[in-house]
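# Survey of secondary and tertiary structure
These are the residues of each chain, in order.
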Amino acid sequence: MKTIEDLGDLRGKRVLVRSDLNVPLDGTTITDDGRVRASVPTIQQLADAGARVIVVAHLGRPKGAPEAKYSLAPVAARLSELLGKPVTFAQDTVGDEAASIVKGLADGEIALLENLRFNAGETSKDDAERLAFAQQLAAFADAYVSDGFGVVHRKQASVYDVATLLPSAPGGLVQAETTVLRRLTEEPERPYVVVLGGSKVSDKLGVIDNLLKVADRILIGGGMLFTFLKAQGHGVGSSLLEEDQIDTCLDYLKRAAETGVEIVLPVDVVAAEKFAADAAHQVVAADAIPDGTLGLDIGPESAALFASKIADAGTVFWNGPMGVFEFEAFAGGTRAVAQALTETAGFTVVGGGDSAAAVRTLGFDEAAFGHISTGGGASLEFLEGKQLPGLDVLDNQ
Ligand code: ADP
Ligand code: MG
């Protein structure tokens with residue numbers, strides 16, 4: 001893989017850097033700035049090298065037109081604080097204001113353009129429309145740095161097309177992330193334990209297909225556990241369930257048994273009367289979830305079981321909270337798994353936006369983990385062995 005150094009002397013050059021600044025917001029308050037902090041070193045490096053830095057990013061899922069609640073303005077302010085220097089914010093992406101701000105940049109100065117997804121070309125499935133937007137972005141710059149690891153699995157204008165138009169290189173974050181993930185796909189230290197949870201059930205079930213070939217143990221919590229329980233013939237009340245994935249789960253259980261991979265399912269569950277922070281709840285056996293209740297966390301016995309399966313790991317990859325950790329009553333499983341990761345001597349990786357946020361909001365020291373990935377979907381697709389367009393395009397330059 002190339003590096004920023006391969007772009008040559010950047011002094012006075014205009015460098016377009018795609019960062020992942022897609023942070024959770026409560027109004028205009030950033031509730032977890034992990035991705036902004038992770039983007040700082042590359043932006044700093046470019047500014048220190050004397051480049052005129054044009055940062056581009058997206059926030060949320062606007063539908064190709066400006067929407068105030070998805071403005072990157074609060075992110076510009078935070079980025080400026082973290083960098084300790086001004087970040088000029090352009091209130092458009094490729095319009096007059098952006099053009100004039102870009103033109104006015106002096107060596108080492110930094111601008112952030114408004115949310116790329118305010119322009120339909122960014123995520124368009126139409127190659128020509130995407131390329132047209134990428135050409136407008138490329139016209140601002142002499143070189144391109146791809147540093148938004150969380151989006152490298154997307155074939156989007158600012159991730160993919162623009163790299164075909166300018167001298168390009170990965171930034172430090174993309175490099176660090178891919179180096180770590182490669183360590184998980186090529187000869188991981190064993191036992192290799194994967195912990196899966198969260199709510200994107202069908203997305204994440206897909207990754208098990210490939211993990212069955214490489215992992216030694218797969219621990220299942222979060223929303224996906226109920227489809228497995230159902231596949232085993234148990235009732236799951238009103239818990240999250242994907243009926244059409246039951247056969248997939250059965251197939252995984254069968255293949256795991258054949259190949260000697262251990263799939264560990266919870267033995268108890270915290271069942272609640274409704275989806276609410278103050279819902280009445282009780283711990284029940286995993287095969288006895290009462291009708292009308294929904295499982296919102298793995299139970300304490302399962303948490304201890306999972307911790308014991310993590311304790312002797314050589315490598316742990318964890319994606320997806322074990323329960324609805326946003327509500328304290330259902331945070332126990334997630335807390336126990338996070339704790340177990342901090343205590344094992346093995347190499348630990350946390351992937352997934354909500355999992356990373358959980359680690360931080362539950363008060364864990366980030367340094368206690370081997371690596372906290374900024375990319376959920378991207379890290380999963382990497383582990384699935386898929387080709388990631390935003391990485392391939394850099395390699396094939
Ligand atoms: P990540 O961002 O780490 O990849 P996901 O986006 O897949 O994870 O899922 C995170 C969400 O999953 C959290 O908001 C959490 O509340 C939810 N979740 C976890 N367990 C359950 C459950 N049993 N029922 C419903 N939602 C759950
Ligand atoms: Mg998520």
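Owing to the predicted nature of the structure, the values given are computational and were not obtained by experimental measurement. (Residues numbered from 1 in each chain as written. Chains lettered and ligands numbered in written order. Predicted model: local features only at pLDDT ≥ 70, side-chain atom pairs only at ≥ 80, totals over all residues. Heavy atoms only, no water.)

Of the positions making up helix H2 (residues 73–83), those classed as buried are Pro74, Val75, Ala76, Leu79 and Leu83. On its buried face, H2 is in contact with strand S2 (25–26), strand S3 (29–30), helix H1 (34–48), strand S5 (87–90) and strand S6 (110–113). Downstream of H2 by a residue or two, glycine 84 has a phi angle that is positive, lying close to 70 degrees. (Buried < 20%, exposed > 50% of the residue type's maximum accessible area, 1.4 Å probe, protein only. Helix = DSSP H or I, 4+ residues; strand = E, 2+ residues; numbered from the N terminus. Contact = heavy atoms within 4.5 Å.)

Looking now at the nonpolar core. Ranked by size, the top nonpolar core spans 72 residues in total, and within it Val195, Ile208, Ile218, Ile220, Ile310 and Trp318 carry the most contacts. Ranked by the residues each element gives to this core, the list is headed by helix H6 (residues 201–214), at 6 residues. In this structure, isoleucine 208 is in contact with Leu196, Ile218, Ile220, Met224, Phe228 and Tyr252, ignoring residues within four places of it in sequence. Formed by 30 residues, the second largest nonpolar core is a distinct cluster that contains Leu21, Ile30, Leu83 and Ala143. (Core = buried A, V, L, I, M, F, W, Y, C linked by side-chain atoms within 4.5 Å.)

Attention shifts here to the packing of aromatic side chains. Inspection of every chain in the model, using the stated rule, returns 2 aromatic pairs. With 5.4 Å between their ring centres and 65 degrees between their planes, phenylalanine 275 and phenylalanine 327 make a pair best called edge-to-face. Of this pair, phenylalanine 275 sits in the loop between strand S12 (268–272) and strand S13 (281–285) while phenylalanine 327 sits in the loop between strand S15 (315–319) and helix H10 (332–343), and the two are 52 residues apart along the sequence. Taking the relative accessible area as the measure of exposure, phenylalanine 327 reaches 19% and is therefore buried. Taking the centre distance of 6.3 Å and the plane angle of 75 degrees together, the rings of phenylalanine 364 and phenylalanine 369 count as edge-to-face. For the pair phenylalanine 364 and phenylalanine 369, one class covers both residues: buried. In this structure, lysine 155 is placed above the aromatic ring of tyrosine 160, and the distance from its NZ or CZ to the ring centre is 4.8 Å. Over the aromatic face of phenylalanine 347 sits the side chain of arginine 183, whose NZ or CZ is 3.6 Å from the ring centroid. (Phe/Tyr/Trp six-rings, centres within 6.5 Å; stacked < 30°, edge-to-face > 60°. Lys NZ or Arg CZ within 6 Å of the ring centre and 35° of its normal.)

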